[in-house]
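Read off the chains here:
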Amino acid sequence: MLKRLLFVVVITYGAYATYTSRSIEHDPGVLVENAPSQRDPDNSSPFTHKGYRVTPLAEFSLEARILGTKRYTLGRESELSPVDLALGWGPMSDSAVLSQLSIRQSGRFYHWSTERLPIPIQAISRHSANMHMVPADKQTEAGLNNLREGDIIRLAGYLIRADAADGWHWTSSLTRDDTGNGACELVWVREISRRGSTL
């Protein structure tokens, strides 16, 4: 009897996890018109977070479609940023475009491939990015962990540089036009919300 009950619990949990992590589908059309917003910070004074010296480099906010989520538990970076979000806006929030791209995340990068370009390569790079999320508190971290592919999110915070006492550092990109190593944004997430529902 106990084995049967355990089996039912495992199957039920598996079905629930699959259901809640499935991608959210959208009809074709641009879902997010505007690019991320960035400006000089009102206060650039460093502060301490989890033993790191964090320096705001820019005020940062965006609305974007989640193209992928990836959680990390290994490596020094995961102490600060336990999750990466691959995000798209403009044409990279359009299901008609995304349906022709294969997107994956690994090694703190996001990668795409296609047999036929739906839009120019420059448009893909300028309207999407992999961003390292640094939650400001436990509530923000819980919100980040509840996100899934296809969600439309809004977030606000800083682009930052993080420094450790031993000389290690991690610095955000400050432009949406770059690609490759160093092109990802390191985002101190102060506020986050999901369009149409709560986190």
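For the structure itself, look to the data block above.
Presented here is an overview of the structure given in this document. (Residues numbered from 1 in each chain as written. Predicted model: local features only at pLDDT ≥ 70, side-chain atom pairs only at ≥ 80, totals over all residues. Heavy atoms only, no water.)

**So, the overall build of the protein**
Let me state the cut-off plainly: A run of DSSP states H or I qualifies as a helix once it reaches four residues; a run of E qualifies as a strand once it reaches two. Both are numbered from the N-terminal end. Residue contacts follow a heavy-atom distance rule, with two residues in contact if any of their heavy atoms lie within 4.5 Å. Here, Shrake-Rupley sampling with a 1.4 Å probe gives the accessible areas, and only protein chains in the shown set may cover a residue.
When helices and strands are tallied, the protein shows 5 helices and 10 strands. Look at the contacts in the protein between residues 6 or more apart in sequence, and 71% of them connect residues 24 or more apart. Just so you have it, the protein exposes about 11,300 Å², and 52% of that area is on carbon and sulfur atoms.

**A short note on the environment of Ser 197**
Rule in force here: Think of it in three bands: residues with accessible area under 20% of the maximum for their type are buried, residues over 50% are exposed, and the middle band is partly exposed, with areas taken using a 1.4 Å probe on protein chains only.
Its location among the elements puts Ser 197 in the segment after β10 (185-194). In this structure Ser 197 comes out as partly exposed when scored by relative accessible area, which is 37%. The spacing of Ser 197 and Ile 152 is 45 residues in sequence and 9.9 Å in space, taken between C-alpha atoms.

**Description of the pattern of salt bridges**
Cut-off, in case you're wondering: Every case where a carboxyl oxygen of Asp or Glu lies within 4 Å of a side-chain nitrogen of Lys or Arg is listed as a salt bridge.
All chains considered together, the criterion is met by 9 salt bridges. Between Asp 177 and Arg 126 there is a salt bridge, and its shortest N-O distance comes to 4.0 Å. One end of the pair, Asp 177, is in the loop between β9 (169-171) and β10; the other, Arg 126, is in helix α4 (residues 121-126), with 51 residues separating them in the sequence. Exposure remark for Arg 126: the relative accessible area of 48% places this residue in the partly exposed category.

**Looking at the environment of Arg 190**
Within the secondary structure layout, Arg 190 lies in strand β10. According to the relative accessible area criterion, Arg 190 is partly exposed, its value standing at 36%. In the structure, Arg 190 is positioned 50 residues away from Thr 140 in sequence and 7.2 Å away in space, judged by C-alpha atoms.

**Focus on the packing of aromatic side chains**
Put simply, the rule is: Within 6.5 Å between ring centres, the rings of Phe, Tyr and Trp (the latter by its six-membered ring) count as paired, and their orientation is classed by plane angle as stacked under 30 degrees, edge-to-face over 60, tilted in between. Each ring is checked for a lysine NZ or an arginine CZ that lies within 6 Å of its centre and within 35 degrees of its normal; such an atom marks a charge sitting over the ring.
This model, assessed by the stated rule, comprises 3 aromatic pairs. For the ring pair Tyr 52 and Trp 168, a centre distance of 5.5 Å and an interplane angle of 65° mean the geometry is edge-to-face. Taken together, the positions of Tyr 52 in strand β3 (residues 52-71) and Trp 168 in the loop between β8 (152-163) and β9 put the pair 116 residues apart, joining distant regions of the chain. Comparing Tyr 52 with Trp 168, the two get one shared label, buried. Clustering of aromatic rings is evident, with ring pairs tying together Tyr 52, Trp 168 and Trp 170. One cation-aromatic arrangement involves Arg 190 over Tyr 158; the distance from NZ or CZ to the ring centre is 5.3 Å.

**A closer look at the nonpolar core**
The nonpolar side chains of a soluble globular protein tend to be buried with one another. Quick note on the threshold: What we call a nonpolar core is a set of buried Ala, Val, Leu, Ile, Met, Phe, Trp, Tyr and Cys residues that are connected through their side-chain atoms within 4.5 Å.
Residues Leu 85, Leu 87, Met 131, Met 133, Ile 153, Leu 155 and Val 187 are the most contacted members of the largest nonpolar core, which totals 22 residues. If you list the elements that add at least two residues to this core, you get β3, β4 (83-88), β7 (128-135), β8 and β10. Those residues within four positions of Met 131 in sequence are excluded, and the remaining contacts are Phe 60, Leu 62, Val 83, Asp 84, Leu 85, Leu 87, Trp 89, Glu 185 and Val 187. Ile 160, Ala 162, Trp 170 and Trp 188 belong to the second largest nonpolar core, which has 12 residues in total.

**Re unusual backbone geometry**
Positive phi outside glycine occurs at Lys 50, with the angle close to 55°. Along the chain, Lys 50 turns up in the loop between β2 (47-49) and β3.

**Observations regarding the pairing of strand β5 (residues 102-106)**
The side chains of a regular strand alternate, first on one face of the sheet and then on the other. Note the cut-off: Strand pairing requires that DSSP identify at least two bridges connecting the strands.
One ladder, built from 5 bridges, connects β5 with strand β6 (residues 109-113); its direction is antiparallel. Bridge assignment links Gln 105 to a residue of β6, and that residue is Tyr 110. Connecting β5 to the antiparallel partner β6 that follows it, the hairpin turn spans 2 residues, and Gly 107 within it adopts a positive phi of roughly 55°.

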